[in-house]
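Structural features, examined
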Amino acid sequence: MLVTEKQYVQWLEKENGKETLRHARWLSANNHQPPERIVVVDDTTTADEAYRLACAGTSMLWRGDFHNGRQLLQAINRRIERTNERSEQRKRKKAANKNKSESDHNQLPNLFHQQRQMQAQRSRLLSRLLLELDADYVSKLRRAPDVNAACMAAFGELNDEPCLLSLRDLQGALGAAQWRKKGVTIENLGLSIYPHYGVFAPTRNEYVQLLLDAPLPKACDVAYDIGTGTGLLAIILAQRGVGQVIATDLNPRAIACARDNFERQELSNIQLQQTDLFPTDAPPANLIICNPPWLPAKPSSPLEYAVYDANSTMLRGFLQGARQHLSEKGEVWLILSDLAEHLQLRTREELLGWFVDAGLTVKYRLDTKPKHGRSQDENDPLFAARSSEVTSLWCLVSTSYEP
Ligand SMILES: C[S@@+](CC[C@H](N)C(=O)[O-])C[C@H]1O[C@@H](n2cnc3c(N)ncnc32)[C@H](O)[C@@H]1O
């Protein structure tokens with residue numbers, strides 16, 4: 001997930017009363033470029049000052065108490081939210097004046113892009129509060145927690161180099177370590193899945209029931225799970241009695257994570273391949289399942305590759321290639337939400353056209369309505385789209401095969 005090429009930062013800092021040029025390795029989970037300007041700040045820095053510096057493009061190296069640093073970050077976040085709210089209100093007013101007849105619904109694609117821009121800007125500003133960790137990922141700040149294990153899991157060995165990273169990225173690593181320890185409960189399966197840092201966590205798992213409800217093809221000796229993430233869907237197939245499951249993912253972290261989850265479930269009939277879409281040297285599949293990233297938009301960081309799929313590249317590649325990997329009466333189960341359609345990023349006709357172009361016919365479709373918090377939040381600017389969202393399991397068969 002991190003840029004493999006090492007990057008370094010330098011800054012001036014007073015040591016024993018003398019200005020000294022310091023340098024360290026730069027770590028960024030979001031591939032943010034190393035900061036150009038760094039000033040040293042501490043408990044005497046006010047939230048307004050820090051917010052102003054962040055907005056001016058200056059990064060701040062925190063030398064105060066660890067918990068005060070966390071509070072400062074929250075205070076910066078509140079200021080960003082207030083500014084964003086004001087800007088959203090202004091934009092809505094302007095749009096309403098411009099075209100009074102234009103409904104909220106017609107503004108959804110713009111709102112979606114504006115929201116993403118705001119999130120990206122928020123992430124940039126919050127990432128300007130930095131911490132230094134030594135080569136063993138130890139922070140020398142007062143009241144600093146032990147972050148070694150979480151950082152090792154997220155960023156790997158530092159090889160004897162101290163590093164600078166944003167407090168926000170450190171919090172991401174600590175949060176991921178908690179999930180990995182506690183797991184995500186998948187209620188309808190009665191098991192927990194343990195996501196690793198940088199791997200899609202199945203917290204919104206309404207589609208699991210669809211996978212349990214869909215009847216398996218009559219003969220189901222071999223199945224593929226394309227884009228396995230934590231391995232959740234492959235585990236469901238193995239538990240439903242599929243003889244051999246081959247799971248793939250492009251992301252090496254997902255492969256390690258899925259392996260961990262298969263071992264925890266003591267499942268030995270699932271093989272893993274780190275590859276683009278379909279496995280190589282594999283027997284034809286009676287069933288191929290895929291839960292691709294749902295939204296056709298450009299990922300803005302490595303962590304977003306499981307959610308956004310620029311130009312629907314993965315989805316279209318999956319559909320185009322599926323038929324040639326299917327056994328004669330094989331089935332494709334595509335798990336897809338129609339949120340992209342409500343946001344007017346893709347049309348239903350386009351999707352159906354891609355099925356036809358790939359030589360696939362719809363055998364049946366199972367639907368479910370998401371119940372997660374954001375679908376019920378009327379204050380969410382995208383509420384009109386989120387509240388109408390339906391997640392489907394599309395069962396597709398080869399067009400030449402008439403059941
Ligand atoms: C929405 S997540 C689904 C994860 C998991 N199947 C689940 O349902 O919880 C999509 C997954 O597809 C993977 N992916 C994206 N593009 C891929 C590609 N071209 N080949 C294989 N995997 C890919 C991502 O790394 C991510 O793990």
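Residues numbered from 1 in each chain as written. Predicted model: local features only at pLDDT ≥ 70, side-chain atom pairs only at ≥ 80, totals over all residues. Heavy atoms only, no water.

Points about the overall build of the protein
Counting its secondary structure elements, the protein contains 13 helices and 15 strands. Since a compact globule built from 403 residues should have a radius of gyration of about 22 Å, the 24 Å found for the protein is in line with a globular shape. Across its three principal directions, the C-alpha atoms of the protein cover 80 × 60 × 35 Å. Split into buried and exposed, the 403 residues of the protein put 51% on the buried side. When contacts within the protein are restricted to residue pairs at least 6 apart in sequence, long-range pairs at least 24 apart make up 70% of them. (Helix = DSSP H or I, 4+ residues; strand = E, 2+ residues; numbered from the N terminus. Rg over C-alpha atoms; globule rule 2.2 N^0.38 Å. Buried < 20%, exposed > 50% of the residue type's maximum accessible area, 1.4 Å probe, protein only. Contact = heavy atoms within 4.5 Å.)

A word on the pattern of salt bridges
With the rule as written, the count across this model stands at 17 salt bridges. Residue E132 is joined to R63 by a salt bridge in which the shortest nitrogen-to-oxygen separation is 2.7 Å. Here E132, found in strand β5 (residues 129-133), pairs with R63, found in the loop between β4 (59-62) and α2 (66-98); they are 69 residues apart in sequence, far enough to count as distant. Note on E132: relative accessible area 15%, which makes it buried. Measuring nitrogen to oxygen at the nearest pair gives 3.2 Å for the salt bridge that ties R264 to D260. Within this pair, R264 and its partner D260 are both found in helix α8 (residues 252-264), separated by four residues, close to a single helical turn. On the accessibility criterion, R264 (41% relative accessible area) is partly exposed. Where salt bridges share partners, they join E13, E15, R22, R63 and E132 into one cluster. (Salt bridge = Lys/Arg side-chain N within 4 Å of Asp/Glu carboxyl O.)

Notes on the packing of aromatic side chains
Evaluated as defined, the whole model comprises five aromatic pairs. Taking 6.2 Å as the distance between ring centres and 80° as the angle between the ring planes, the aromatic pair formed by Y207 and W294 counts as edge-to-face. With Y207 in helix α6 (residues 207-213) and W294 in the loop between β12 (285-290) and α9 (313-325), this residue pair connects regions lying 87 residues apart in the sequence. Judged by its relative accessible area of 15%, W294 is buried. Of note, R116 hangs over the ring of Y308, and the distance from its end group to the ring centre comes to 3.8 Å. The residue whose ring lies beneath R264 is Y194, and the NZ or CZ to ring-centre distance is 3.8 Å. (Phe/Tyr/Trp six-rings, centres within 6.5 Å; stacked < 30°, edge-to-face > 60°. Lys NZ or Arg CZ within 6 Å of the ring centre and 35° of its normal.)

Some thoughts on the domain arrangement of the protein
Examined at the domain level, the protein breaks down into domain 1 (7-177) and domain 2 (183-398). Put simply, the middle of domain 1 and the middle of domain 2, counted by C-alpha atoms, are 32 Å apart. In this assembly, 21 residues from domain 1 lie in contact with 23 residues from domain 2. Note that R116 and E304 form a salt bridge whose closest N and O atoms lie 2.8 Å from each other. Where domain 1 packs against domain 2, one counts four residue pairs in polar contact (both at pLDDT 80 or more). At the level of elements, α2, α3 (108-126), α4 (148-155) and α5 (167-182) are the ones that each hand at least two residues to the side of domain 1 that touches domain 2. With eight residues, α3 is the largest single contributor of residues to the side of domain 1 that touches domain 2. Here the residues of the side of domain 1 that touches domain 2 sort into ten nonpolar, eight polar and three charged. (Domains from an automatic or database assignment. Polar contact = N/O pair within 3.5 Å; in protein donor to acceptor, adjacent residues only side chain to side chain. Nonpolar A, V, L, I, M, F, W, Y, C, P; charged D, E, K, R; others polar.)

Notes on the environment of D65
Relative to the helices and strands, D65 is located in the loop between β4 and α2. When the C-alpha atoms of D65 and R180 are compared, they prove to be 27 Å apart, with 115 residues separating the residues in sequence. Residues in contact with D65, not counting those within four places in the same chain, are D43, R142 and R143.

Concerning the pairing of β4
The two faces of β4 match: S59 and L61 on one face and M60 and W62 on the other face are all buried. Direction of pairing for strand β3 (residues 38-41) relative to β4: parallel, over a ladder of four bridges. In the sheet register, V39 faces β4, and the bridge partner there is M60. Between the parallel elements β3 and β4, the chain passes through helix α1 (residues 47-55) in a crossover that is right-handed. (Pairing = 2+ DSSP bridges. Right-handed = clockwise from strand over helix to strand, strands pointing away.)

Focus: helix α7 (residues 232-239)
Where burial is concerned, most of α7 is hidden: seven out of the eight residues are buried. Along α7, the residues that are buried comprise L232, L233, A234, I235, I236, L237 and A238. Phi for G241, located one or two positions after α7, is positive at around 105°.

Focus on the site of the ligand
Around the ligand sit 16 residues, and of these G227, D249, D276, L277 and N291 come closest. The side chain of Y207 places a nitrogen or oxygen atom 3.1 Å from an oxygen atom of the ligand. Within the side chain of D276, one N or O atom sits 2.8 Å away from a nitrogen atom of the ligand. Taken by itself the ligand offers 600 Å² of open surface, and the protein chains cover 93% of this. Looking at the shell around the ligand residue by residue, the class counts come to eight nonpolar, six polar and two charged. (Near = heavy atom within 4 Å. Areas by Shrake-Rupley, 256 points an atom, 1.4 Å probe, with all protein chains shown as cover.)

Overview of the environment of A149
Within the secondary structure layout, A149 lies in helix α4. Since its relative accessible area comes to 57%, A149 is described here as exposed. Counting along the chain gives 47 residues from A149 to H196, while the straight-line C-alpha distance between them is 13 Å.

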